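Observations on the three-dimensional arrangement
Read off the chains here:
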Amino acid sequence: MTTIENNMSSQNFLRRIIEEDIASRKLDKRLWSGIPGPISLQKNINEIDLASIRTRFPPEPNGYLHIGHAKSICINFGLAEQYNGACHLRFDDTNPDKENIEYVESIIEAVKWLGFGWYNNKRNNIYFASDYFNYMYEFAEELIKNNYAYIDEQNDNEIKDNRGTLTAPGIDSPWRNRHFEESLLLFRKMKDGEYPNGSLVLRAKIDMRSPNINMRDPVMYRIRHSSHHRTGSKWCIYPMYSWAHPIEDALEGITHSICTLEFEDQRSLYNWFLEKLKEIGIFADPLPHQYEFSRLNLSYVVTSKRKLLTLVKEGYVDGWDDPRLPTIFGLRRRGYTPRSIRLFCERISVSKSDSLIDYSILEQALRDDLDLIATRAIAILNPLKLIITNYPNNHSEICYAPINHHDKNLGYRSFFFQKELWIDEDDFQENPQKNYFRLFPGNLVRLKYGYVVKCTGYKKDEKGNILEVYAEYFPDTKSGTDGANKIKVKGNITWLCLTEAQPVTINLYEHLFTKPIPDNEGNNFINYINPNSKKTIRALLEPDTINRDVKTWQFERLGYFIIDKDSTNENIIINRIVTLKDSYIKN
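Computed from a prediction, not measured in an experiment: that's the story for all the values here. (Residues numbered from 1 in each chain as written. Predicted model: local features only at pLDDT ≥ 70, side-chain atom pairs only at ≥ 80, totals over all residues. Heavy atoms only, no water.)

What to know about empty space enclosed by the protein
One pass over the structure, following the stated rule, counts two cavities of 30 Å³ or more. Taken as a whole, the second largest cavity holds about 50 Å³ of empty space. As for the second largest cavity, its lining consists of Tyr 241, Ser 242, His 245, Pro 246, Phe 263, Gln 266, Leu 269, Tyr 270 and Gln 290. Elements supplying a minimum of two residues to the lining of the second largest cavity: helix 9 (241-251) and helix 10 (267-280). At four residues, the largest contribution of residues to the lining of the second largest cavity is made by helix 9. Per-class residue counts for the lining of the second largest cavity are five nonpolar, four polar and no charged. (1 Å grid on protein atoms, 1.4 Å probe; cavity = no way out; pocket = protein on both sides within 12 Å on 5 of 7 lines; lining within 4 Å. Points joined across faces, edges and corners; volume = space filled by probe spheres on them. Helix = DSSP H or I, 4+ residues; strand = E, 2+ residues; numbered from the N terminus. Nonpolar A, V, L, I, M, F, W, Y, C, P; charged D, E, K, R; others polar.)

Below is the structure:
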């Protein structure tokens, strides 16, 4: 763990479980050949697992990863790192209708960008559920032979209707007690493509009267005549996740299978499958154990893949990496760093209680990361001309400012001071409100890194708009000189030289939604899209800022900014990542 992560570390329940398991030595002498397989394969190669624990991050490649996935990534890979274990990246690609290689590649890139890898003891721990289709099919046949599974000819609606409710037991299928040899023959014909979609399913034979509705003879296989992005048309039957999940974990020697809370009711089924396969002799102790934690609920975003797809496909945002989206690529383009996201995930810790995490916690993690390292610069978002009336014409002098005031060793940047300058419109008020300490008639302020000036007047157009502000400077008050503290002022404003300021395009981003929970209680989240979530302006930037080998800055008094991927030499585009403090008005 990094120093900052270690300082923020909390003793969550997953760490306590792992430490107890390691201390009890119950995970010692596990076999792991580096090749996923049943106990027969592991015994044949007979290698002791050198990893103290094995976790896994198992995304389905049917969309782009988001901040909720980042939490799971940090938990699984982070625990493996902390306890000298291994974390597998596994693609649960059991649904050919929604998955493709584009998502696979995006997931690999996202996990790498967050700073995690899947090599352990020189072995590449990246896997695909589709690699185990043969095993899954063979194990299903073994369950059928042992009368733990059967072929059902009811359609989807009939199965659903006969499943029962939370208060009423289910009804046995008419085919529940068919002879195992008949089920085995039908299952093989299903695999060979002799039946259409939806005509037959394989179900586990457990208990239709179980209080846990997930144990009422769940479906293990369904017929799908669809091409798979890796196996092509080899298979026309595909395993359900509830069947595939425990097998994948056991084949890979996973010790701690960490899921979000929606899988808690599935744990009994997970254990049932593994116990039956152990009884048959396919797996052996210690079996994988499933643990659940609360998923990340972040304010002002939606993380449903379906809803994110709607935002992208219907043009509410500019693609999967739109800086307003909570996708990993959106956060990266916005300017979030891997370190800031990992710090955020560490700070919110891990628990079994659902809660809404305010977006400001993510923003603060970014500020804490960038404050110590970000190069400083000055930007003027809403330019207003300031004329220093008593400054010599055609004269200029150099002013100096630290590259980062936290590290003086980085040195200084320089820019010119002249008679005509740019200041921000917000730094002047004709009739100042209470506690306003910037420029107004008769007031004194410091032009940061320059001189103390006194506002002497202003010029307006016929519509009442301020066109120019006038001031006089005090020659002996330049910053860094002996007279810098000669005159005490309360206001300190930034500025740029009129002739040197560099024009740029800046995207100012706010929350994508106006409500903290835009899809709460079935609300149509589209109704709460913030019309002001993106504002594009032409602004001015300190000279040479773009020429330095820097992509992320703190623009003084404004916040943190990053150059956009679409920026060109002809059109420099910069995105605001976050303001210097949380200024969003919460509804």
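With respect to the pairing of strand 19 (residues 420-424)
The pairing of strand 16 (residues 383-388) with strand 19 spans five bridges and is classified as antiparallel. By the bridge assignment, Leu 384 is partnered in strand 19 with Ile 423. Examined bridge by bridge, strand 19 and strand 24 (residues 496-497) share two bridges and lie antiparallel to one another. Of the residues in strand 24, the one forming a bridge with Trp 422 is Leu 496. (Pairing = 2+ DSSP bridges.)

Comments concerning the packing of aromatic side chains
Taken as a whole, this structure holds 28 aromatic pairs when the rule is applied. Judged by centre distance (5.6 Å) and plane angle (80°), the ring pair of Phe 139 and Phe 283 falls under edge-to-face. One end of the pair, Phe 139, is in helix 6 (residues 133-145); the other, Phe 283, is in the loop between helix 10 and strand 11 (289-293), with 144 residues separating them in the sequence. The class for Phe 283 is buried, based on a relative accessible area of 5%. Site record: aromatic cluster; members linked through ring pairs are Tyr 391, Phe 415, Phe 417, Tyr 449, Tyr 451, Tyr 473 and Trp 495. Lying across the ring of Tyr 137, Lys 191 places its NZ or CZ 5.4 Å from the centre. (Phe/Tyr/Trp six-rings, centres within 6.5 Å; stacked < 30°, edge-to-face > 60°. Buried < 20%, exposed > 50% of the residue type's maximum accessible area, 1.4 Å probe, protein only. Lys NZ or Arg CZ within 6 Å of the ring centre and 35° of its normal.)

Comments concerning the sheet that holds strand 5 (residues 126-128)
By way of backbone hydrogen bonds, the strands of a sheet pair with one another, either parallel or antiparallel. The strand order 1-2-5 describes an open sheet built from three strands, whose pairing is parallel. The sheet is open, and its two edges are formed by strand 1 (54-57) and strand 5, each paired on a single side. Neighbour-to-neighbour, the strand axes of the sheet open up by a mean angle of 35°, direction not taken into account. Examined bridge by bridge, strand 1 and strand 2 (residues 86-91) share four bridges and lie parallel to one another. If you follow Arg 56 over to strand 2, its bridge partner there is His 88. This element, helix 5 (residues 101-113), spans strand 1, strand 2 and strand 5 of the sheet and lies at about 160° to strand 2. (Axes fitted to C-alpha atoms, helices over the stretch in contact; angles between N-to-C directions. Contact = heavy atoms within 4.5 Å.)

Topic: the packing of helix 13 (residues 338-348) against helix 14 (residues 359-370)
At their nearest, the axes of helix 13 and helix 14 sit 8 Å apart, and the two run at 130° to each other. By the angle class used here, helix 13 and helix 14 are oblique. The element helix 13 and its partner helix 14 pack so that their crossing is right-handed. Between helix 13 and helix 14, the residues in contact are Arg 339, Ser 340, Leu 343, Phe 344, Arg 347 and Ile 348 and Ile 361, Leu 362, Gln 364, Ala 365, Leu 366, Asp 368 and Asp 369, respectively. Its residues placed into classes, the contact of helix 13 with helix 14 shows seven nonpolar, two polar and four charged. (Parallel < 35°, antiparallel > 145°, perpendicular 65-115°, else oblique. Left-handed = near helix turned anticlockwise from the far one by under 90°.)

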